Amino acid sequence: MIRKGGSNWVDGENFFDRESELEALEERVREKTHTLLTAQRRMGKTSLVRELQRRLAETGDFEVVFVDLEAATDPADAIAEIGVQAKAVRAAWDRIMTSFAILVRSAGGRIEELSLADLKVKLRAGIDAGNWSQRGDAIFAALSESGRPVVLAIDELPILINRLLKDETGRVTPEGKREADAFLSWLRKAGQAHRDQVTLILSGSVSLEPLLEQAGLSAQANIFSPYDLKPWSEETAVSCLEALGQSYEVSLGPEAGRDMCRRLRCCIPHHVQMFFDRMHDHLRRTGRKAASLEDVEWVYVREMQGVRGQVDLQHYEGRLETVLGRTGYTVALEILTAAAVDGGIAAETIDRYREYFATGDAHDGDGAPAFDHVLHVLQHDGYLEPRDGGYRFVSGLVEDWWRGRYGQRFVSVFDRQR
Ligand SMILES: Nc1ncnc2c1ncn2[C@@H]1O[C@H](COP(=O)(O)OP(=O)(O)OP(=O)(O)O)[C@@H](O)[C@H]1O
Ligand SMILES: [Mg+2]
């Protein structure tokens, strides 16, 4: 029975559909193809990888390791994180401990039970700026020799790469570029050297490609074959809503479900889950069990776009600012607001913006992301899609959020100049 997803990743019973995606990824793993999983925010990338690993581990054919690099600050830290998560593979773990010369025995000779956090501190102490790549190689070698093929998932690698590349103002620095380059080329070599034993799956809440492109490092990703995770079809989203309805004993009926999907326009699993949750709350509050089209309208306007919905928007904005930096974010804000207010942005307007942001006050020197880079990120991360030569929001919900938040006070840079 499926339970509500909340906002963290889901697997097992709470994981809905995605059968063809799981099949495609399993095939890649069995064929030893490294994958770069891409999709716009909240599409269910982390969940998909977790569920894939759960199922692969269940077959007994694979060992699985999941690493999240969101909090990693530098290559040494990333290696320590990979190392500590490799604990999931018993045979490899013993070798790692030996290669790091870590003694997990207390004075009395008993094996200490250390938490993952403590173990990571121990590993981290043995890694520095000079030896991280050798340490990393040792971890890969240990995984390779574990007896079973290993599926190593690395989530939020782009966040680490972004952090390495840029200074506080969001500019790519020469040292940052060197460090990101060194880490990526290490990963690439390790991935190639251990191809038969370790399959990599990379994912993240921001896209890797525009980042690498901006830094001139695109070639570093060429061992990874991209896999683009799409939104649910309306049909799938409606079945998910029905399944959730059954679990919580409320009825959405196909009509209400369909109307919910139409408002979202793009059925991003997290938004579908959120809509269900708000609807469920609304029905509970009003003491009812079935949703009408009026309920859909009410919940969409009052709840999805209300204060609670906006919390999610802040998350989107935060990520955008992280990848674009201050200056780039200002440009994105302008483009997105213009697109939200007018239900899209025409080709001529894009050209005017390109010209505006390339000259004069708006351009503040080297290192600031170019207008087309911002546009590329907005498209790559799934905010905008091309339409009639211009662009429009992919998601109706994100568009409505954006208009609600910035639309009313919006004066375009062109009008501000007058
Ligand atoms: N297959 C699924 N079945 C049911 N719910 C899902 C599924 N995939 C995603 N969700 C819903 O979406 C939410 C976000 O999922 P997840 O964290 O996997 O997405 P993500 O793409 O990794 O997000 P981010 O861009 O923030 O990294 C989950 O909490 C859940 O509510
Ligand atoms: Mg994720």
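Residues numbered from 1 in each chain as written. Chains lettered and ligands numbered in written order. Predicted model: local features only at pLDDT ≥ 70, side-chain atom pairs only at ≥ 80, totals over all residues. Heavy atoms only, no water.

Peer 1: Lay out helix H16 (residues 371–380) in plain terms, naming residues and giving numbers.
Peer 2: For an α-helix, 3.6 residues make a turn, and residues three or four places apart therefore share a direction. For H16, every residue scored as buried is listed here: Phe371, His373, Val374, Leu375, Val377 and Leu378. Gly382, located one to two residues past H16, shows a positive phi value of around 80 degrees. (Buried < 20%, exposed > 50% of the residue type's maximum accessible area, 1.4 Å probe, protein only. Helix = DSSP H or I, 4+ residues; strand = E, 2+ residues; numbered from the N terminus.)

Peer 1: Lay out the site of ligand 1 with the relevant residues and their values.
Peer 2: In the region of ligand 1, 22 residues are neighbours, and Asn8, Arg41, Thr46, Ser47 and Gln273 sit closest. Gly6 places a main-chain nitrogen or oxygen 3.1 Å from an oxygen atom of ligand 1. Bound to the protein, ligand 1 loses 97% of the 640 Å² it would expose on its own. For ligand 1, the cavity whose grid points lie within 2 Å of the majority of its atoms is the largest pocket. (Near = heavy atom within 4 Å. Polar contact = N/O pair within 3.5 Å; in protein donor to acceptor, adjacent residues only side chain to side chain. Areas by Shrake-Rupley, 256 points an atom, 1.4 Å probe, with all protein chains shown as cover. 1 Å grid on protein atoms, 1.4 Å probe; cavity = no way out; pocket = protein on both sides within 12 Å on 5 of 7 lines; lining within 4 Å. Sits in = over half its atoms within 2 Å of the grid points.)

Peer 1: Account for the packing of aromatic side chains, naming residues and giving values.
Peer 2: We describe a pair of aromatic rings using the distance from one ring centre to the other and the angle between the two ring planes. A full pass over the atoms with the stated rule returns 15 aromatic pairs. An angle of 80 degrees between the planes, with centres 6.2 Å apart, marks the rings of Trp132 and Trp186 as edge-to-face. Of this pair, Trp132 sits in helix H6 (residues 132–144) while Trp186 is found in helix H8 (residues 174–193), placing the two residues 54 residues apart along the sequence. The buried category is assigned to Trp186, whose relative accessible area is 6%. Judged by centre distance (5.0 Å) and plane angle (85 degrees), the ring pair of Tyr356 and Phe357 falls under edge-to-face. Since its relative accessible area comes to 11%, Phe357 is described here as buried. One aromatic cluster in this structure is built from Tyr353, Tyr356, Phe357, Phe371 and Phe414. (Phe/Tyr/Trp six-rings, centres within 6.5 Å; stacked < 30°, edge-to-face > 60°.)

Peer 1: Give a detailed account of the layout of surface pockets, specifying residues and quantitative values.
Peer 2: Considered as a void within the structure, the largest pocket measures approximately 690 Å³ in volume. As for the largest pocket, its lining consists of 36 residues, and the residues nearest its centre are Ser7, Asn8, Trp9, Arg42 and Thr46. For the lining of the largest pocket, the elements supplying multiple residues, two or more each, are helix H2 (45–59), strand S2 (63–68), helix H12 (269–285) and helix H14 (307–342). Tallying contributions element by element places H2 first for the lining of the largest pocket, with five residues. Tallied by class, the residues present in the lining of the largest pocket amount to 12 nonpolar, 13 polar and 11 charged. (Points joined across faces, edges and corners; volume = space filled by probe spheres on them. Nonpolar A, V, L, I, M, F, W, Y, C, P; charged D, E, K, R; others polar.)

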